[in-house]
Structure formats: structure tokens, C-alpha cells
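Listed below are the residues making up each chain.
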Amino acid sequence: MAVDELQAIIERCQILEEADFKGEDFNLFQVAGQKCLEDGYAAQLLEVIQNEKNKVIIKNMGWNLISPLVRCIFMYKQEDDKRENCLMILDQLAQLCNPKELFLGLLEQIEQTSGEQVCQTVMLLLQPLQTVLLKLQNKKAYSVGLSLAMIMNQLTPLPVPYTKQQIQEDKLGLCQCCNAVVDFAKPFVNEVVKNMEKSSEYNDMELKEELIKFCMQSLKYPLLAAQLEQLEGIEDHPFRHFATEITDILWNIGELIPLVFVHHKGKSPHWENQEFADIERKNSADSLACLSYLMFVQHFGVECFPVVFSPSYLLLCNMTHIEVLLKRTEESILSKGLDLFESCLLRMEDNSLLHHYLELRDFINVPQDLVKIMTLCPMEHMRKKSLNILQLFIDKFDTEGKYTLFRCLLKTSNHAGVEGYIIKNIKDQIHLALMKEYDNIWFTGHHLISLLDLVLSLPEGAETDLLQNSDRIMASLNLLRYLVIKDCESDNQTGVWTTLGKIEQNFLKPLRVGLNMSKAHYEAEIKNKKENRKEAHSSNTVCSVTVSGEKMPAMTTGMQLQVLHSALFTFDLIESVLARVEELIEVKTKAVMDEN
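This one's a predicted model, so the numbers in the text were calculated from it and none came from an experiment.

Section: the overall build of the protein chain
When helices and strands are counted, the protein chain shows 25 helices and 4 strands. Relative to its full complement of 596 residues, the protein chain shows a buried share of 48%. A fraction of 74% describes how many contacts in the protein chain between residues 6 or more apart in sequence connect residues 24 or more apart. Counting only carbon and sulfur atoms, one obtains 50% of the accessible surface of the protein chain, whose full area is about 29800 Å².

Structure, rendered in C-alpha cells:
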């Protein structure tokens, strides 16, 4: 019987000195203890462990029971007395075993768990692990850091619940587990705080550094991917609670504000391998970006925030974080970047952001990232929000800043729709310049002429794909029409009349030639399709067609004809605006000549 075997081993070891225990004794104790657990004799095993005479034996050998003990706890149902006995055994082992040996045994058990049992195992072992760590004297900070890192590494592969239903269900127990880990860390936070209060020159940085690493890891996972908005029907949002706890830890150990405003320069590991160094830097960047989102969008820790910084300085501090978030493709992370950018911009007054900021790399990169989201993101609400934020960003700059930003985006966007949007913005700025009484040197005169050289041109002359560039071309024609109507040749505030010859040479004439060529090509295509359809005696013939350089999916001849007619309609639209511009130029030029 398993209990008899265990009792025999116990009696044999009771007469030995602690130093005389052999490897064989450890193995026999583990096998007999495991058998007791598996055969349902947990109550008897508990009695053996609680017996004062066996204290030395349990101190040295008890940690070997952790693995079979955890298996049995998960095997029994919640209300089973045997499970309760197993939990009491685990508690006794935490009190009686050699802290160093039990610490390694508990970590090994956490490391070996996987899949759906990760959170259950971690939550089961957190209390005994905390008890053991509080007993450790040597390498305590290292052991706390190792424990937290091991736990977070085991949790990281688990999917983060995102929807309201997923958060409420919490199938794998991640929400509950994360908050349990914070409770596990609290005694060590209190220890750091207590030592800091004792001495203003707190030099024992090791435990503090380990806690900072834990917070940074928690910011990257799960908080970076988590849904942190208040959700109706969830009073105590688990991830919001977790975020509050993490920011509280950083505040209590005096690191919240330094991390928000100064990139962390603590004891980061020195990697000889550049790949490892890059991974470390990226992880840190993700964590700091998430922390900024928590503070400036969700207002966690905002009560600790010093109200002395200008809105432009806050934007400057956050642009690096915004860029990190906007380069991601996951909706949960990308949306945080857009929200953070919008929050910083809404704090500012229009026209208050100085053009000097555009000399900084982030202030050029971020609008380019917005353009990529506007044009490539598969989620429509993200594309629309990016467009709104780009306009907000434009509005905040002073006049020279707007001018510089427009030039940059026209050169880098490589998207006709975006270029058309920027040209419309240029037209609005010119209108403001013409309406105001004081001079606006950036959207009139020689500065504007330089900008018009970019706007009123065709990328490849008459060979330009007019269909693909139709948005840009229409916006350019509308701008030119506005300039011709609003700016009299006698005033020539914008300088458009001075450079009219160049505009006709570089834009209007090549556009007219391109239109004639494109229309002729598409009309010929339509004629061919109609003739082919008559020969085939059917409109259901499936063919392929190439439009704007891209091969379209298989289409019937009827569908192809619809596409070709649509292209012709676009050309007609461009041609009508072009004709109106040419007519206005001719009328105004003739009127001036007659007057002279």
C-alpha cells in the first residue's frame, strides 16, 4: 500500500542526520509520495507532512512533490475533499521546504505548462511562489525578476481577449491571471517604496529594475493589444484594472514620469548580437508607446501628471510613440496610435505649431504613415480616421509649416487621391491668403509659383496614365480655374499670370494631347469589343481586360464595355474642365489686351 511504503521511507529517514540523506532517499520519497497522491491518499500524505517529527525530511525532500501535486489538483473537481487536501499540502510545502529548492521546483512547473492550463497553473502557484520569494535572503531581486519574466513569457503566446464577449468569457483565464500576477508583485513593490522612504539616496536598484522590466513587459503584453475603452455592461474592466495597477507601480517606485518623457536608459542588457539588441529596442519602444497611450488617451495616472507642459511639447514627446504604433497593422494597436495622435493634436490651437518641427524626422515620417493607412489599410473606418487626423495635423501648423508639409506630401505620397486632397488644401490656403488684408508670402508670389510647379504638371507628360491620375488632374484643373477667376491679371497676387506660359507648356498642352490619345485608344477598344461580340453572337463570352496597367478579373464582354465607357466618361469630365480653364484664360487675356 502506498501509505505504508511512504511511512517506511519516513521512518528510515527520521533516524538519519540531514547531511546523511542520499539521492536514493530523495527518489524513494518522491515515488512513494506521488503514488499516495495518485491513489487518493492525499489526506494521509498531509498528516505525514504536518507531523513535526518529519520537518527536516519535508524541508529537504518536499519540493519533489510539486509536479505530481499540481497534476492531482487539476484532476480533482473543485468541491472534492481530495483537491482541498492537495491545496493544503501545497501550502504546507511553501511553509516548510527549503526556499531555494522549492523556488526552482515551482518555476520548473510553470515553465513546463502550456496551452489552456497556463493561466490555471500560474494562478495556482503564485501564492506559494510569493511565500518562498519573501523568505529568500540571497539573490532576492534576481529571483523575483526571474519569476515575473517566466510567468509573463508563459502568458505571452495566449491570445488577448478583445471583444466584450471575449473579455466576459475569459476562456483561458488571462484577464484574471494578469491581475493575480500584479497582486503577486505588490509585496516587492512595497519593499522598494519602503526602502526609498527610508533613504532619499536609495541605491539598491536591482529589485526596482526587475519591477520596471515587469511593467515594461506588461505594457507590451497584454496591454498593447488589449481593448481598453470602457465597455457597457462591464463594470470592472479587467484590462483597465490591470493598466491602473501597472501605472500605479511605476508611480510608486518613481518611474512613471521619467518613462513618459525620457526614453528609459536603465540597465538594459548589452547584446553583442545586433539582432538581439534590435529586438530589445523594439520591445522597449512598444512598451513606452503603450504607456503614453494609457496616460494621454485613457488618462491612467493623469492625477500624477505635472500640468506645466505646452501642447506642442507633449506632441513632440509623443511623436516617436505615435510612429511606432502607426507602423503596426493590428487593429487594436493601430487604433491606439491614431487615438494618441488625435489626442495630442486636439490639445493644440490651429496654426500654433511652428514650422521648425518639420525639421525633425518623426514629424515627416508620421504623416507619411498616415498616408499609407489611408491608402492601404483594409478597414474603412481606419482609413477615414487617418484622413481626418491628417487634416487635423495640417490645420495645426503655421503657414510656412503647411507649405512645407504640402511640398513633402506631394513628393512622397505616390497616390493620386492623396495628391488631389493636398491640392485641394493648397487651394483653401490660397483662398485665405487672397481674402486676408495682410500679406501671406507662402501662398502668394514666388513661393506659390514654386509650389504650382509641383501641382500643375503631369508626371510623364502626355504619356501619363490619365485614368490612374484623374483625382490629381481634376484637383489641379480646379485649382487653376480658381486662380484664373479670383486673381486678376492686373493684380497678379498669386503670380499665376507671370508663369502662365510655363503652365500651358508643362500641363495644359500635354494634358490635351494625352486626352486625345487616351480617348482614341478607348474608343478603338470599345469598337473592337462590339465587333468581337457580334462575331461571337453572345455577350457572355468571358475575357480579361487591363485597365490602368492592372489586369482585371475575368469579365464578360458586356462588363468590359461598361468599364471602358466609364473611363471615357472620366476623360470627358477632365476635358470639360480643361476647356473651361482654357476659355477663361483666353477671355481674361483678350480683355487685358483690349484694355491696353
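Description of the packing of aromatic side chains
All told, the structure shown has 11 aromatic pairs when counted by the stated rule. With centroids separated by 5.3 Å and ring planes inclined at 25°, the aromatic side chains of Phe309 and Tyr313 adopt a geometry described as stacked. Each residue in the set Phe341, Tyr357, Phe363, Phe393 and Phe397 is aromatic and connected to the rest through ring pairs, giving one cluster. Positioned above the aromatic ring of Tyr482 is the side chain of Lys427, whose terminal nitrogen or guanidinium carbon lies 5.2 Å from the ring centre.

Overview of unusual backbone geometry
Looking along the chain, the bond that leaves Tyr221 and enters Pro222 is cis, with omega of 10°. One can find Pro222 in helix H12 (residues 205–223). Look at Lys139: it is not a glycine, yet its phi comes out positive at around 55°. Structurally, Lys139 is set in the loop between helix H8 (118–135) and helix H9 (140–155). A relative accessible area of 64% means that Lys139 is categorised as exposed. For Asn351, which is not glycine, the phi dihedral falls at a positive 65°. Here Asn351 lies in the loop between helix H17 (331–346) and helix H18 (361–376).

A look at the environment of Glu101
For Glu101, the position within the fold is in helix H7 (residues 99–112). We classify Glu101 as partly exposed; its relative accessible area is 31%.

Remarks on helix H13 (residues 238–252)
Compared with the 21 Å implied by 1.5 Å per residue over 15 residues, the 21 Å span of H13 between its first and last C-alpha is a close match. Residues of H13 that are buried: Pro238, Phe239, Arg240, Phe242, Ala243, Glu245, Ile246, Thr247, Ile249 and Leu250. Directly after H13, the chain includes Gly254, whose backbone phi takes a positive value near 75°.

Examining the pattern of salt bridges
Throughout the structure, instances matching the rule amount to 26 salt bridges. Linking Glu323 and Arg361 is a salt bridge whose minimum nitrogen-to-oxygen distance equals 3.5 Å. One end of the pair, Glu323, is in helix H16 (residues 311–326); the other, Arg361, is in helix H18, with 38 residues separating them in the sequence. The network of salt bridges with shared partners includes Glu323, Lys327, Arg361, Asp362 and Asp369.

Brief notes about the side chain of Ser332
Positionally, Ser332 belongs in helix H17. Among the residues examined, Ser332 registers a relative accessible area of 12% and is labelled buried. Of note is the side chain of Ser332, whose polar atom sits 3.4 Å from the backbone oxygen of Ala225.

Let's talk about the packing of H8 against helix H11 (residues 174–198)
When two helices pack together, their arrangement is given by the angle between their axes and by how far apart the axes lie. Look at H8 against H11: their axes get within 10 Å of each other, and the N-to-C directions meet at 5°. With respect to each other, H8 and H11 are oriented roughly parallel. Contact residues: H8 offers Cys119, Val122, Met123, Leu126, Leu129, Gln130, Leu133 and Leu134, while H11 offers Leu174, Gln176, Cys177, Ala180, Val181, Asp183, Phe184, Pro187 and Phe188. A per-class count over the contact of H8 with H11 returns 14 nonpolar, 2 polar and 1 charged.

Overview of the nonpolar core
Counting 178 residues, the largest nonpolar core has Leu155, Phe214, Phe341, Leu477 and Leu511 as its most contacted members. The greatest single-element share of this core, amounting to 12 residues, is contributed by H11. In contact with Leu511, other than residues within four places in its own chain, are Leu458, Leu466, Ile473, Leu477, Ile574 and Leu578.

Some points on a nonpolar patch on the surface
On the surface, Tyr313, Leu316 and Leu360 cluster together into a nonpolar patch covering about 220 Å² of accessible area. Structurally, Leu316 is set in helix H16.

As for the environment of Asn440
Mapping Asn440 onto the fold places it in the loop between helix H21 (416–435) and helix H22 (445–455). Taking the relative accessible area as the measure of exposure, Asn440 reaches 10% and is therefore buried. The spacing of Asn440 and Gln493 is 53 residues in sequence and 10.0 Å in space, taken between C-alpha atoms. A distance of 3.1 Å separates the side chain of Asn440 from the backbone nitrogen of Trp442, its partner in a polar contact.

Looking at the packing of H9 against H12
At their nearest, the axes of H9 and H12 sit 8 Å apart, and the two run at 10° to each other. Comparing the axis directions of H9 and H12 gives the class roughly parallel. Contact residues: H9 offers Ala141, Val144, Gly145, Leu148, Ala149, Met152, Asn153 and Leu155, while H12 offers Glu206, Leu207, Glu210, Leu211, Phe214, Gln217, Ser218 and Tyr221. Each residue belonging to the contact of H9 with H12 can be placed in one class, and the counts come to 10 nonpolar, 4 polar and 2 charged.

Focus: the confidence of the model for the protein chain
Of all residues in the protein chain, 87% have pLDDT values of 70 or greater, and the mean over the chain is 86. Ignoring residues within four places in sequence, the model shows residues 264–271, a span with pLDDT below 50, making 13 contacts including any to other chains.

Description of the state of the cysteines
By definition, a disulfide links two cysteine residues through a covalent bond between their sulfur atoms. Counting across every chain of the model gives 0 disulfides. Here Cys119 stays free of any disulfide, with the sulfur of Cys177 as its closest cysteine sulfur at 4.3 Å.

Let's talk about the environment of Val182
Within the secondary structure, Val182 sits in helix H11. Along the sequence, Val182 and Phe214 sit 32 residues apart, while their C-alpha atoms lie 9.6 Å from each other. Sequence-distant contacts of Val182, defined by excluding residues within four places in its chain, comprise Phe214, Phe242, Glu245, Ile246 and Ile249.

Criteria and thresholds
- Throughout, residues of each chain are indexed from 1 in the direction in which the sequence is written.
- Totals for whole chains, interfaces and linings use every residue, but because this is a predicted model, local features are given only for residues with pLDDT of at least 70 and side-chain atom pairs only at 80 or more, for both listing and counting.
- Processing note: side-chain calculations cover all non-hydrogen atoms of the structure and skip hydrogens and water entirely.
- Helix and strand definitions follow DSSP, with helices as H or I runs of at least four residues and strands as E runs of at least two, each counted in order from the N terminus.
- Partly exposed residues are those whose accessible area sits between 20% and 50% of the maximum for their type, while under 20% is buried and over 50% is exposed, using a 1.4 Å probe and protein chains only.
- It only takes one pair of heavy atoms within 4.5 Å for two residues to be counted as in contact.
- Here the open area of atoms and residues is found with the Shrake-Rupley method and a 1.4 Å probe, where only the protein chains shown may cover a residue.
- Pairing of aromatic side chains requires ring centres within 6.5 Å, counting the rings of Phe and Tyr and the six-membered ring of Trp. Pairs whose planes differ by under 30 degrees are stacked, by over 60 edge-to-face, and all others tilted.
- For a lysine, the NZ atom is tested; for an arginine, the CZ atom; a charge sits over a ring if that atom is within 6 Å of the ring centre and within 35 degrees of the ring normal.
- Expected span, for any helix, means 1.5 Å times one less than how many residues it has.
- Any carboxyl oxygen of Asp or Glu that lies within 4 Å of a side-chain nitrogen of Lys or Arg is treated as forming a salt bridge with it.
- Polar contact is defined as a pair of N or O atoms within 3.5 Å, subject to the rule that within protein one atom must be able to donate a hydrogen and the other to accept it, and that residues adjacent in sequence are counted only when both atoms are side-chain atoms.
- Fitted lines through C-alpha atoms give the axes, limited to the stretch in contact for helices. The angle between two N-to-C directions lies from 0 to 180 degrees.
- Our angle categories are set so that under 35 degrees counts as roughly parallel, over 145 as roughly antiparallel, 65 to 115 as roughly perpendicular, and the remainder as oblique.
- Gly is placed with the polar residues, together with every amino acid not listed as nonpolar (Ala, Val, Leu, Ile, Met, Phe, Trp, Tyr, Cys and Pro) or charged (Asp, Glu, Lys and Arg).
- For our purposes a nonpolar core is just a set of buried Ala, Val, Leu, Ile, Met, Phe, Trp, Tyr and Cys residues, chained together by side-chain atoms within 4.5 Å.
- Only residues whose relative accessible area exceeds 30% and that take part in no salt bridge are eligible for patches, with like-charged residues grouped when within 9 Å of each other and nonpolar side chains (Val, Leu, Ile, Met, Phe, Trp, Tyr) grouped when within 5 Å.
- pLDDT is a per-residue confidence score from the predictor, ranging from 0 to 100.
- Note on terminology: disulfide denotes any pair of cysteine sulfur atoms within 2.5 Å.

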